[in-house]
Amino acid sequence: MIDDDDVLMMSLTDALTCVLAASVALFLIFVVFIKLVPSAASSSGSSSVSRMRNAVAADLKSGDSTALLRIASSDCSAIEGLQVGDAADVSWIIRNNQSGATSCARLVRLQAGLTKPIYAIASFMPGAAMSMHLEVGSEGWPQASALELDPKHYVACPGGKVILALVRNDDDYIVAPTKAGCD
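Let me begin by describing the structure that accompanies this report. (Residues numbered from 1 in each chain as written. Predicted model: local features only at pLDDT ≥ 70, side-chain atom pairs only at ≥ 80, totals over all residues. Heavy atoms only, no water.)

1. Some remarks on the side chain of Ser 131
Right, so step 1: Here Ser 131 is to be found in strand β6 (residues 130-136).
Right, so step 2: Discounting chain neighbours no more than four positions away, the residues touching Ser 131 are Arg 70, Ile 71, Ala 72, Ala 146, Leu 147, Glu 148 and Leu 149. (Helix = DSSP H or I, 4+ residues; strand = E, 2+ residues; numbered from the N terminus. Contact = heavy atoms within 4.5 Å.)

Okay, structure coming up:
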């Protein structure tokens, strides 16, 4: 009877050893694949980002996705006088005063997405730098931080209004404005 117990214990030990060896072998194979083929891992990640971007772009174009546009500057009067998109969109002004420096931002909810291009229009030439950022779900454009708008690309309209930027459903999303925004 003692011999039967030893046989059972020996086979259980052998089974555990085999399982441990198999798991170590699978781990080593996994490590080798990651080290030898790093480009495949990064390309699949970029491929999923590309698919995500295409899906969000399709949602924006069809109006299925709400977007949030943020325009910021230290020129609060320019932010207060901004027009963005249609009057039906909801917007808020946020003021920030830290260490005596005041900055403002206008948040505009594009409820219908980007079914058509929209313009950011100031009532006069801004006296300070302006930045813009578009957020859709967990994605933001530009990816890293807000895009600084270039005053050289602003378009002055008859009547004193200034077109700051054009937001469209494209790979770049925020681009230099055109005279068509003056209409």
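2. Description of the pattern of salt bridges
Right, so step 1: What the rule picks out here adds up to two salt bridges.
Right, so step 2: The closest approach of N and O atoms between Arg 70 and Glu 135, which form a salt bridge, is 3.8 Å. Of this pair, Arg 70 sits in strand β1 (residues 67-73) while Glu 135 sits in strand β6, and the two are 65 residues apart along the sequence.
Right, so step 3: The exposure class of Glu 135 is partly exposed, given its relative accessible area of 30%.
Right, so step 4: One salt bridge in this structure joins Glu 80 and Arg 95, with 2.4 Å as the shortest N-O distance. In this pair, Glu 80 is assigned in helix α3 (residues 76-80) and Arg 95 in strand β3 (residues 90-98), connecting sequence segments 15 residues apart.
Right, so step 5: Arg 95 gets classed as exposed once you look at its relative accessible area, which sits at 52%. (Salt bridge = Lys/Arg side-chain N within 4 Å of Asp/Glu carboxyl O. Buried < 20%, exposed > 50% of the residue type's maximum accessible area, 1.4 Å probe, protein only.)

3. Notes on the pairing of strand β4 (residues 101-110)
Right, so step 1: Pairing between β1 and β4: seven bridges, direction antiparallel. Note that in β4 the partner of Ala 72 across the bridge is Ala 105.
Right, so step 2: Pairing between β3 and β4: nine bridges, direction antiparallel. Following the sheet pairing, Ser 91 is matched in β4 by Val 108.
Right, so step 3: What sits between β3 and β4 in their antiparallel hairpin is a turn of two residues, with Ser 99 showing a positive phi close to 55 degrees. (Pairing = 2+ DSSP bridges.)

4. A look at the state of the cysteines
Right, so step 1: As enumerated under the stated definition, the model contains two disulfides in all.
Right, so step 2: Disulfide pairing places Cys 76 opposite Cys 104 at an S-S distance of 1.9 Å. Where Cys 76 bonds to Cys 104 through sulfur, the torsion about that S-S bond is close to 95 degrees, and the disulfide is right-handed. With Cys 76 in helix α3 and Cys 104 in strand β4, this residue pair connects regions lying 28 residues apart in the sequence. (Disulfide = S-S within 2.5 Å.)

Limitation: the analysis is restricted to geometry and does not speak to function.
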